[in-house]
Structures are given as C-alpha cells and as structure tokens.
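Now for the letters of each chain:
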Amino acid sequence: MKNKNAELSTQQIVLMIILITSFAVILFFLLRLGIGEKSEEQLCHNSVLQKASVFSEAPLQCYRNYVCITEDGSCEKLIKPKKIKVKTLDEVYGTLADEMADCWWMFGEGKVDYVGSDLTKNNYCSICSQIYFDDSLEALEGIENKQISKDELYDYLSENEYSKNKTYAEYLFGTSDIKKLKADILQYENNTEDIGSFGNIEIGEQYFNVMGITSSVGRLEWSGVGAGVGAAAIGSVWVLSGPPGWIAGALILVGGAVIGGTAGPGAGELIEPEIGAILIEGKSGNQFMAPTLQKAESDKFKALNCEEILTYT
C-alpha cells in the first residue's frame, strides 16, 4: 500500500511539472508574439468602428504605444518601452513601416468617420506611437550624420509588401509610385526628376507616428493651418481628384513660408520643399492625414494643427 501511494505521488509530481512547464512555454510564446499589444490595437480598432456606427459620446479606447528602436538593446529616453533590436537599416525601415500600417488599420484605413460633424472645422489627430531612435543606431551601415532618410523609408514602403500583392505604400497612400507622387504633389511637368523630400529622422530624438482626420464640415480646409507657427509653416496642396481613396494632396513644410492653395509648376526650383504628410480623400467622405513621422513637440508637429489628440498617453 505504501509503495502504491508513493507511486501515485510521483505521478502527481510529474504531472504538475509537465503542466507548469507547458504553461511557461505558452506564456513565453504569447509574450514573444505581443498578444497583449495586439489586444490593445484590436480594442482601439473596435472602438473606432463602434463610434462610427452609433456615434456615441464615449471616447475612443486608443492608447499611445511607446517604442524604442535600438541596435544594442539600450534605451535611455523612455521608461519601459517596447524595445525593438535591429541590425540593419532595412530592419529600422521595416519597424517603421509596421508602425505606420498598424496606425492606419487601427483608425479604419480612411473608410470610417469616427469624429462626426462640427459647426466649424476641426483637425483631429491620433498619436499611435512615440518612437525613440536610440544613439546606438549610429553604428548601422548606411547612417550618416546621425540621420535616417525618410525618402529611403518611403522607398521601402513602395518596394516591400504589406500583404499579398500590396505594398505598404499602396495600403497607406493608394500608390507605390513615390517619385510620381512627389512630382504630382508639387505639380512638376517633368515628373521623372527626383524632386522634393520627406525630410530626415534625427537619431537620439523621439518622434510621433501620427495620423489625422477632419470633421465633416471642415474636411477640405486643412489648408493654411500653419499661420503663426514660425520656423516651420505649413500649407495644404490639392493636386489630384478622383474616386475616394485617391491621393488628395499633401502638407508641405517650407521653413518660414506657407504654400497655400496649389503649388505651381516648378515651385520646387525656388525652395526645397519638405512633404510633411500625405492627405487622403477617404471613403467615408472625410479628409485624412495618412500616418507620418514628425519629431515630438517640434514646430513641424505643431504645424499639423491638431486641435485635439484622440489617443491616451
């Protein structure tokens, strides 16, 4: 009888060890897959769809994600961020592409009006992620003068797939032809030239991954929002028309000068314009600012004229 009891106790111990080990393995993979983070993104996405369908007064359940992109695993400027270790510049671009695509998906891909109508124009913005570019990224091949080229990032968006047979650029902007997009925005007659720029990202600084939507009354009035900004003024440029989802224009950052209305042919020959964000005529009828990366609390970010931030910190 004693032997039998001892045998049962041993079986129970072995079973407990198996259960604990299995639980630890499952927990490990859940953490690696970022299930908790995906749940927050899904919660935000669901609240956007719900608000659009019933137009409740309840706030969106959307929270800012804190990300640190690092080469060596260090991160001095953010407290407990999601650390993403990278070994190549392409991995940096891939991380940023995913952040921008996630932001666009969470807020309805330009198909959902989640702000309703206002008596006056309002530009509502959502800071999907706050990204710190760690100093260790200076060690990556291809980085010069502590800067990451946004133009190369947009090339990455146009050349790499977000989903089957669709690039990130097609998903975000409706086109993969970034060179033609820049030329059309600036109304160049010769769109084969490599003109205009999306600017640069400074290593050692924090950037907002931000998108926006206008309320129904003011959906065509994002222009002129740079008045009084100072060093970085901003204007809205409308260059294309067509079915919902086509590119509508862009927010052009030109140090100290506002480009209002449309930029005439050859405008880029006089100044070097920086394309701060691309505007989309959404399927909901609203105008959307596609996800863009702007330095946190900078004049260029303030020039976006976000009258209200819809995401929680």
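Residues numbered from 1 in each chain as written. Predicted model: local features only at pLDDT ≥ 70, side-chain atom pairs only at ≥ 80, totals over all residues. Heavy atoms only, no water.

### Comments concerning the overall build of the chain
Of the regular secondary structure elements, the chain holds seven helices and 13 strands. In the chain, which comprises 313 residues, the share counted as buried stands at 48%. For the chain, long-range pairs separated by at least 24 residues make up 72% of all intrachain contacts whose partners lie at least 6 apart in sequence. Approximately 15700 Å² of the chain is accessible, and the part contributed by carbon and sulfur atoms is 53%. (Helix = DSSP H or I, 4+ residues; strand = E, 2+ residues; numbered from the N terminus. Buried < 20%, exposed > 50% of the residue type's maximum accessible area, 1.4 Å probe, protein only. Contact = heavy atoms within 4.5 Å. Areas by Shrake-Rupley, 256 points an atom, 1.4 Å probe, with all protein chains shown as cover.)

### Considerations on the pattern of salt bridges
Applying the stated criterion to the full structure yields five salt bridges. Among the ionic pairs, Glu 109 bridges to Lys 111, the shortest N-O distance being 3.3 Å. Assessed through its relative accessible area of 23%, Glu 109 is described here as partly exposed. Across the pair Lys 295 and Glu 202 runs a salt bridge, and its minimum N-O distance is 3.6 Å. In this pair, Lys 295 sits in strand β12 (residues 287–295) while Glu 202 sits in strand β7 (residues 200–202), placing the two residues 93 residues apart along the sequence. (Salt bridge = Lys/Arg side-chain N within 4 Å of Asp/Glu carboxyl O.)

### Concerning the state of the cysteines
Enumeration according to the criterion identifies four disulfides in this entry. Disulfide pairing places Cys 103 opposite Cys 128 at an S-S distance of 2.0 Å. Measuring handedness by torsion sign, the sulfur bridge of Cys 103 and Cys 128 sits at about 60 degrees and is right-handed. Separated by 25 residues along the polypeptide, Cys 103 in helix α3 (residues 89–106) and Cys 128 in strand β3 (residues 123–133) bring together distant segments of the chain. Sulfur-sulfur distance for the disulfide between Cys 125 and Cys 306 comes to 2.0 Å. Between Cys 125 and Cys 306 the disulfide shows an S-S torsion of about -75 degrees. By sign, it is left-handed. With Cys 125 in strand β3 and Cys 306 in the loop between α7 (299–302) and β13 (308–309), this residue pair connects regions lying 181 residues apart in the sequence. Going through the chain in sequence order and numbering each bonded cysteine, the pairs you get are 1-2, 3-4, 5-7, 6-8. (Disulfide = S-S within 2.5 Å.)

### A look at the packing of α3 against helix α4 (residues 150–159)
Relative orientation and spacing of two packed helices are given, respectively, by the angle between their axes and the distance between those axes. Running from N to C, α3 and α4 cross one another at 70 degrees; their axes reach a closest spacing of 10 Å. Between α3 and α4, the interaxial angle falls into the category roughly perpendicular. Contact residues: α3 offers Leu 89, Asp 90, Tyr 93, Gly 94, Leu 96, Ala 97 and Met 100, while α4 offers Glu 152, Leu 153, Tyr 154, Tyr 156 and Leu 157. Here the contact of α3 with α4 is composed, by residue class, of nine nonpolar, one polar and two charged. (Axes fitted to C-alpha atoms, helices over the stretch in contact; angles between N-to-C directions. Parallel < 35°, antiparallel > 145°, perpendicular 65-115°, else oblique. Nonpolar A, V, L, I, M, F, W, Y, C, P; charged D, E, K, R; others polar.)

### So, a nonpolar patch on the surface
The grouping of Leu 43, Tyr 63 and Tyr 312 at the surface amounts to a nonpolar patch, some 270 Å² of accessible area in total. Looking at where Leu 43 falls in the secondary structure, it is placed in helix α2 (residues 35–54). (Patch = residues over 30% accessible without salt bridge, like charges linked within 9 Å, V, L, I, M, F, W, Y side chains within 5 Å.)

### Topic: a negative patch on the surface
Taken together, Asp 90, Glu 91, Glu 152, Asp 155 and Glu 159 make up a surface patch of like negative charges. Of all elements in the fold, only α3 and α4 reach the threshold of two or more residues within the negative patch. Inspection of the secondary structure assignment puts Glu 91 in helix α3. (Lys, Arg positive; Asp, Glu negative; His and termini not counted. Charge placed at Lys NZ, Arg CZ, Asp CG, Glu CD.)

### A look at unusual backbone geometry
One non-glycine residue, Lys 80, lies in positive phi territory at about 50 degrees. Topologically, Lys 80 is positioned in the loop between β1 (65–70) and β2 (82–85). Look at Lys 80 and you get exposed, because its relative accessible area is 81%. We note that Asn 305 has phi near 55 degrees; this positive angle belongs to a residue other than glycine. Within the fold, Asn 305 resides in the loop between α7 and β13. For Asn 305, a relative accessible area of 25% puts it in the partly exposed group.

### Here's the deal with the side chain of Asp 151
Residue position: Asp 151 is located in helix α4. Here Lys 182 takes part through its side chain, which lies 3.4 Å from a polar atom of the side chain of Asp 151. In this structure, Asp 151 is in contact with Lys 182, Gly 196, Ser 197, Phe 198 and Gly 199, ignoring residues within four places of it in sequence. (Polar contact = N/O pair within 3.5 Å; in protein donor to acceptor, adjacent residues only side chain to side chain.)

### What to know about α3
For an α-helix the count is 3.6 residues per turn, leaving residues at separations of three or four pointing the same way. The terminal C-alpha atoms of α3 lie 26 Å apart, and with 18 residues this matches the ideal 26 Å at 1.5 Å per residue to within 8%. Judged by how many residues are buried, α3 sits mostly within the fold: 14 of 18 residues are covered. A positive phi of about 90 degrees marks Gly 108, the residue just after α3. (Expected span 1.5 Å × (residues − 1).)

### Description of the nonpolar core
As a rule of thumb, soluble globular proteins bury nonpolar side chains together. One finds Val 92, Phe 107, Tyr 114, Phe 133, Leu 137, Ile 148 and Leu 157 to be the most contacted residues of the largest nonpolar core, which totals 57 residues. One finds Cys 125, Phe 208, Leu 251 and Leu 279 within the second-largest nonpolar core, a separate group that totals ten residues. (Core = buried A, V, L, I, M, F, W, Y, C linked by side-chain atoms within 4.5 Å.)

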